[in-house]
Every structure is written in structure tokens, then in C-alpha cells.
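Tertiary structure, described
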Amino acid sequence: MRLRPYLCKMSFFKTARPFVIAGPCSAETREQLLETAAALSTKNIQLFRAGVWKSRTRPGSFEGSGPIALEWLQEVKHQYGLKVTTEVAEPAHVETALKHGIDSLWIGARTTVNPFQVQHLADSVKGVDIPVMVKNPVNTDVDLWQGAIERFEKVGIKDIAAIHRGFTGYRAAGGYRNQPNWPIPIELKRRKPDLPIFCDPSHITGNRDRIAEVAQKAMDMHFDGLMIETHPRPDEAWSDAAQQVTPQMLKELLDGLIVRDEFTRDMTGLMQLEYLRQHMDSLDAEIIDLIAKRMELSEQMGEVKRACNMTAFQPGRWREIVETRGEKAAAQLLSKEFIVELYEKIHHESIRRQLLVLDSKDKEIKK
Ligand code: PEP
Ligand code: MN
């Protein structure tokens with residue numbers, strides 16, 4: 001991996017791309033923490049992480065070593081010159097962390113879901129110059145994520161980054177511990193273009209064998225950094241054992257990462273892209289024209305259905321659309337799932353328009 005320095009130091013989080021945060025899920029013992037830090041101090045990371053208070057899904061799991069671990073983090077900072085970060089979930093955590101000179105704080109996924117709690121945390125850092133990272137909420141709600149970030153902006157925090165750690169699903173679909181739902185961080189980036197967004201492939205995959213693949217994808221989706229859980233003996237970790245990597249594995253993963261840029265100065269490439277984009281723009285114009293025509297047909301169908309006293313939605317017809325469009329997609333080597341999802345949206349809009357036709361005529365009759 002070739003590190004890409006930013007041209008000027010724009011913020012705490014924009015010193016390199018990828019900005020790498022590594023360290024164990026939990027600070028277990030002083031020895032474990034210092035051993036991890038010693039190994040990571042030569043691995044080109046920007047921030048050392050360790051959970052001091054652990055918000056566990058069920059009681060009885062290891063809930064963190066508490067404030068004593070902040071002293072170990074201080075040692076990490078002084079012995080290895082690493083900047084350190086930990087998760088805070090209550091104003092009392094913030095106060096203790098700040099007293100121990102922690103360089104940056106992060107808000108966990110289970111906290112981001114709660115605006116009251118986030119506001120308490122934001123109030124507790126008001127007037128403090130501390131960089132804050134906000135993990136996505138466990139549910140797929142981009143507004144809630146953005147809202148939590150805005151609460152920190154509003155109290156004057158200058159350096160804020162978002163961390164994409166995936167979203168809870170009922171089952172581990174696609175083999176992920178937490179579903180990545182990439183459109184959500186992409187939407188956040190569209191809304192807040194200057195906000196650095198990091199990816200946490202450890203919590204997304206829950207599986208150390210898949211971290212490299214998700215980290216590469218994040219870089220190719222133009223993420224700004226990575227948070228990767230690192231432990232000297234991952235299998236013995238007191239939390240999240242299956243997803244932690246050794247410092248050596250982290251080094252290999254980072255060395256193997258291809259960091260591509262958003263822009264290029266390659267004129268031939270730029271011209272080819274321009275040609276393809278123009279072609280794509282005209283295809284998109286055709287697609288929109290076709291959709292408009294399809295919607296016109298829907299409205300005419302609404303008239304017929306009203307005249308025949310039929311419902312706007314017919315389950316049998318919808319089954320047929322899913323089947324035939326799915327088959328056509330597969331024949332064209334398109335993902336069936338993608339085309340069906342697209343048709344769900346188109347069909348939904350079509351039904352909405354038909355309902356408007358039925359509804360307006362009903363009102364006319366009632367007059
Ligand atoms: C963690 O980073 O160890 C953690 C608990 O993260 P999350 O809030 O993403 O579950
Ligand atoms: Mn963890």
C-alpha cells in the first residue's frame with residue numbers, strides 16, 4: 001500500500017488516506033495493551049484504539065476494564081508516541097477519558113441510536129477541542145447517523161469523522177456479522193462531502209478472513225480510512241475474538257491494499273471516460289423517457305381498473321412481473337435480485353399513481 005498524504009493538514013482525521021485506526025476490541029490487561037501497541041507502533045497507523053467500557057449486547061460478557069485501562073492507554077501514548085482513542089457512552093466516561101489525555105473519542109453504534117444520549121455526550125464535550133468519531137446506528141437510518149454528527153457540530157467540535165460498521169439484521173445474511181448496506185454511508189457522504197468516513201471491516205464481517213476484502217471495497221468506494229481490531233493473540237481475546245487480526249496480519253493487509261484516487265491526470269483515460277459518460281447520459285435520458293411513458297400507461301390502467309371496479313394492486317400480476325423481469329434479467333446476465341428490487345420501486349410508484357386515479361374519481365362520484 002502506498003500511503004497518500006493530503007496536500008495540507010486539513011484536520012485531525014485527514015493526515016493520510018487511508019487513516020488507519022488499529023488496536024484491540026477491548027483493553028484487557030496492561031500487558032496485552034502494551035504488547036499490541038509495541039507491535040503497532042512500527043506499522044504506520046494514525047490512531048490506537050481500545051475499548052475501556054464495553055457496551056455488550058447481553059449481560060455476563062466482559063464489560064471492559066474501566067478507568068484503570070485509561071492509565072494503560074496513557075502509557076501507550078507516552079511509550080510509543082501513538083495517539084489513542086476509546087469509546088464513550090456516558091458523560092462520566094467523557095470526563096474520565098479527558099482527564100487521562102485521550103486524544104479522540106468515538107461513539108458506539110448502540111449509542112448513536114439514542115438522540116438524548118448523544119446530546120448528553122455532545123454537551124459534555126462542548127468547548128473542548130477533541131476529535132470525535134461517530135459510528136453508524138445499529139439500524140439503517142441515515143438521518144439518525146447524520147443527526148448524531150450534527151449534535152457534535154452544533155457544540156463546536158471541529159474534527160468529526162463517521163465510522164461505517166454495518167447494520168444489524170435478523171440473520172447473518174451474506175455471511176456478514178453486520179450488513180454493510182453501502183448506499184447508506186454513500187448517502188451520508190453525498191450529504192456531507194467534507195466529512196471523513198472510515199470503514200470498520202472488523203465489525204461488518206465479524207470474521208478475520210474477510211476483512212481484507214471489505215477493506216479493499218471501502219477504499220474503492222472512496223472511504224477515507226479504516227478501523228481494524230488488532231490483538232496479539234486474537235483467539236484468546238476477551239471480546240470479538242473471531243474478527244481480530246494480529247499486528248502482522250494488519251501489516252500484510254495494509255501492504256496489499258490498493259489505494260486508488262478519485263481523480264486522474266491521465267488524458268487518454270479522461271477522454272475515454274468522457275466518451276463513456278456522454279453515452280451513459282443519453283441512455284439515462286432514454287430510461288427516464290421510458291419510465292415516464294410507463295407511468296402514463298399506469299394511469300390509463302388506473303382508469304380501466306376504476307371502470308371495472310378492480311383493485312389497483314393485483315398480487316397475481318405482480319408475481320408475473322417479478323418472474324418475467326427476473327428471467328429476462330438473468331438472460332441478459334444482470335443480477336435478478338437487482339432487477340427485482342428496481343421493479344419493486346417502479347411498481348410501487350405505478351400503484352401509487354393508480355391509487356390517485358381511483359381516489360380522485362371516487363371523490364368526483366361522492367360530490
Ligand atoms: C467496538 O468498536 O468495539 C464496538 C463495540 O463497536 P460498535 O459500536 O460498532 O459495535
Ligand atoms: Mn469490538
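Residues numbered from 1 in each chain as written. Chains lettered and ligands numbered in written order. Predicted model: local features only at pLDDT ≥ 70, side-chain atom pairs only at ≥ 80, totals over all residues. Heavy atoms only, no water.

Moving on: helix H1 (residues 30–40). Every buried residue belonging to H1 is among Gln32, Leu33, Leu34, Thr36, Ala37 and Leu40, and all of these are buried. Contacts made by the buried residues of H1 are with strand E3 (19–23), strand E4 (47–49), helix H2 (68–80) and helix H10 (247–256). (Buried < 20%, exposed > 50% of the residue type's maximum accessible area, 1.4 Å probe, protein only. Helix = DSSP H or I, 4+ residues; strand = E, 2+ residues; numbered from the N terminus. Contact = heavy atoms within 4.5 Å.)

With that out of the way, let us pick up the coordination of the manganese ion (ligand 2). The coordination sphere of the manganese ion (ligand 2), as far as protein atoms go, consists of Cys25 (SG), His203 (NE2), Glu229 (OE) and Asp240 (OD), spread over 2.1 to 2.4 Å. Along the chain, the residues donating to the manganese ion (ligand 2) are arranged with the sequence spacing C-x177-H-x25-E-x10-D. In this pair, Glu229 sits in strand E10 (residues 225–229) while Asp240 sits in the loop between E10 and H10, placing the two residues eleven residues apart along the sequence. Each member of the pair Glu229 and Asp240 is classed as buried. (Donors = N, O, S within 2.8 Å, 3.2 Å for Na, K, Ca; no water.)

Taken together, the residues surrounding ligand 1 are Cys25, Arg49, Lys54, Glu87, Trp106, Gly108, Ala109, Arg110, Lys135, Arg165, His203 and Glu229. The side chain of Lys54 places a nitrogen or oxygen atom 2.8 Å from an oxygen atom of ligand 1. In the model, an oxygen atom of ligand 1 is placed 2.8 Å from a nitrogen or oxygen of the Lys135 side chain. When ligand 1 sits alone it has 290 Å² of accessible area, and the protein chains cover 96% of it. The residue inventory of the shell around ligand 1, partitioned by class, reads three nonpolar, two polar and seven charged. (Near = heavy atom within 4 Å. Polar contact = N/O pair within 3.5 Å; in protein donor to acceptor, adjacent residues only side chain to side chain. Areas by Shrake-Rupley, 256 points an atom, 1.4 Å probe, with all protein chains shown as cover. Nonpolar A, V, L, I, M, F, W, Y, C, P; charged D, E, K, R; others polar.)

A few words on the packing of aromatic side chains. According to the stated counting rule, one finds seven aromatic pairs in the structure shown. Pairing Phe12 with Phe13 gives two aromatic rings, centres 5.1 Å apart and planes at 85°, and the pair type is edge-to-face. Each of the two residues, Phe12 as well as Phe13, counts as buried. Between Trp182 and Phe223, the aromatic rings sit 5.7 Å apart at their centres with planes inclined by 85°, giving edge-to-face as the arrangement. (Phe/Tyr/Trp six-rings, centres within 6.5 Å; stacked < 30°, edge-to-face > 60°.)

Below, the discussion takes up the sheet that holds E3. The strand order around the closed barrel built from eight strands is E3-E4-E5-E6-E7-E8-E9-E10, with neighbouring strands paired in parallel fashion. Neighbour-to-neighbour, the strand axes of this sheet turn through a mean angle of 25°, independent of strand direction. Of the pairings in the sheet, the one linking strand E6 (residues 104–107) to strand E7 (residues 132–135) comprises three bridges and is parallel in character. Looking across to E7, one finds that Trp106 is bridged to Met133. Contacting E3 and E4, H1 crosses the sheet at an angle of about 155° to E4. Strands in contact with H2 are E4 and strand E5 (84–87); relative to E5, the strand with the most contacts, it is inclined by about 160°. (Pairing = 2+ DSSP bridges. Axes fitted to C-alpha atoms, helices over the stretch in contact; angles between N-to-C directions.)

With that settled, the discussion passes to the domain arrangement of the protein chain. One can read the domain layout of the protein chain as domain 1 (19–256) and domain 2 (267–366). Taking the mean C-alpha position of each, domain 1 and domain 2 sit 41 Å from one another. (Domains from an automatic or database assignment.)

This part is about the pairing of E3. Of all the five residues making up E3, five are buried; the element is thus mostly covered by neighbouring parts of the structure. Neither face of E3 is left uncovered, since the one carrying Phe19, Ile21 and Gly23 and the one carrying Val20 and Ala22 both have all their residues buried. Bridging between E3 and E10 involves five bridges; their strand directions are parallel. Pairing of Phe19 across the sheet is with Gly225, part of E10. Bridging between E3 and E4 involves two bridges; their strand directions are parallel. Bridging from a neighbouring strand, Ala22 pairs with Phe48 of E4.

What follows is about the packing of helix H6 (residues 142–154) against helix H7 (residues 183–191). Relative to each other, H6 and H7 sit at 45°, their axes nearing to 10 Å. Taken together, the axis directions place H6 and H7 in an arrangement best described as oblique. At the point where H6 passes H7, the crossing takes the right-handed sense. Between H6 and H7, the residues in contact are Val142, Asp143, Trp145, Gln146 and Ile149 and Ile184, Pro185, Glu187, Leu188 and Arg191, respectively. Along the lines of polarity and charge, the residues of the contact of H6 with H7 split into six nonpolar, one polar and three charged. (Parallel < 35°, antiparallel > 145°, perpendicular 65-115°, else oblique. Left-handed = near helix turned anticlockwise from the far one by under 90°.)

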